[in-house]
Amino acid sequence: LRWPTHTKAVAKFADEGERLTDSSIDFSKLEVKPERMGIAIPISREELDSSQGIVESVVREEMPKAIIDLVNGALFTTVGTYKTVEGGTEKTKDKKVVGPFVEALKSVKVFAGEVPTRKELLQMKAAVASGIELLAPCWVMTENMKAELEDVKIDEGSGRFLCENDKVLGYPVFTSAEIGEGFVGFGDWSYQAAGFFGPMNMVVDPYTLARNNATDFVLNGHFATVTLRQ
């Protein structure tokens, strides 16, 4: 995936016959690097044979779901690093794939209370919508935060609540534990480009683990994402 990004061109009014001054557009580009993702599940032949196909069907169903969880976790996380142990020493490394919230956290707005008010959410919407047309807007929050907003009344008389029918201020709500408790994200997700590169390869290998009388189920693919506009 590759996109040219550039500054805005500027026009001006001029008198009749007046020579126009040069206007420039600065070009740059955004690129994404596909990263490998995969999952491997070894299953003994005893489990496969005795279940009459049930275990294998569960494995084939759960492996793609694990990829979905992995992608969602990368897109909605607010943490850009992870800890690993190498040679007995704990090290901190950058995650290979992250979405927009890692950068957004550097200039996060703090709500006055534990649950945002309608005015605070309107301010978030206005901040995102400034200068763009909202094409694919969506809120992201945990299930707990969504439940809190479902109990926040808009006023005393209408019986309406801030979150109704999985929407806040008319825009859909997507829930994910990855964003973290207390956080609410809002953005136009048409500016978060993402893609899968090449086929998702599912290999059922009955040979490599033959000495263990086991079959290896392996799924591999490549994924990449980039934030076109913070």
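Residues numbered from 1 in each chain as written. Predicted model: local features only at pLDDT ≥ 70, side-chain atom pairs only at ≥ 80, totals over all residues. Heavy atoms only, no water.

As a further point, take the overall build of the protein chain. Looking only at helices and strands, the protein chain has five helices and 13 strands in total. Compactness check: the protein chain gives a C-alpha radius of gyration of 24 Å against a globular reference of 17 Å for 230 residues, more than 25% above the reference. Each principal axis of the C-alpha atoms in the protein chain carries an extent, and together these give about 85 × 60 × 40 Å. The buried share among the 230 residues of the protein chain stands at 28%. (Helix = DSSP H or I, 4+ residues; strand = E, 2+ residues; numbered from the N terminus. Rg over C-alpha atoms; globule rule 2.2 N^0.38 Å. Buried < 20%, exposed > 50% of the residue type's maximum accessible area, 1.4 Å probe, protein only.)

Core analysis: the largest hydrophobic core is formed by 17 residues, its most contacted members being Val71 and Phe217. Looking at this core, the elements with two or more residues in it are β3 (35-44), α2 (54-76) and β13 (214-227). It is α2 that contributes the most residues to this core, seven residues altogether. If sequence neighbours within four positions are ignored, Val71 has contacts with Met37, Phe196 and Phe223. Counting 14 residues, the second largest nonpolar core, distinct from the first, contains Leu121, Leu162, Cys163 and Val184. (Core = buried A, V, L, I, M, F, W, Y, C linked by side-chain atoms within 4.5 Å. Contact = heavy atoms within 4.5 Å.)

Relative to the assigned elements, Val102 resides in helix α3 (residues 101-104). For Val102, the residues in contact, after removing those within four places along its chain, are Thr77, Thr78, Val79 and Gly80.

What follows concerns the side chain of Thr215. Structurally, the position occupied by Thr215 is in strand β13. Here Arg45 takes part through its side chain, which lies 3.2 Å from a polar atom of the side chain of Thr215. With residues near it in sequence (within four places) discarded, Thr215 still touches Ile41, Pro42, Ile43, Arg45, Leu48, Val204, Asp205 and Pro206. (Polar contact = N/O pair within 3.5 Å; in protein donor to acceptor, adjacent residues only side chain to side chain.)

This next bit is on the packing of aromatic side chains. Scanning all chains against the criterion turns up six aromatic pairs. Note on Phe76 and Phe174: the rings are 5.0 Å apart at their centroids and 40 degrees apart in plane angle, and the pair reads as tilted. Here Phe76 is found in helix α2, whereas its partner Phe174 is found in strand β9 (residues 171-175), with 98 residues between them in sequence. Measuring from centroid to centroid gives 5.7 Å for Tyr171 and Phe186, while their planes differ by 45 degrees, and the two rings are tilted. Of the two residues, Tyr171 is situated in strand β9 and Phe186 in strand β10 (residues 184-188); the sequence distance between them amounts to 15 residues. Residue class for Phe186 comes out buried when judged on its relative accessible area of 9%. Taken together, the aromatic side chains of Phe76, Phe101, Phe174 and Trp189 make up a single cluster linked through ring pairs. (Phe/Tyr/Trp six-rings, centres within 6.5 Å; stacked < 30°, edge-to-face > 60°.)

Of all five residues in β10, five are buried, a share of seventy percent or more. Burial along β10 is two-sided: Val184, Phe186 and Asp188 facing one way and Gly185 and Gly187 facing the other are all buried. With five bridges joining them, strand β6 (residues 137-141) and β10 adopt antiparallel strand pairing. Paired with Pro137 across the two strands is Asp188, which belongs to β10. (Pairing = 2+ DSSP bridges.)

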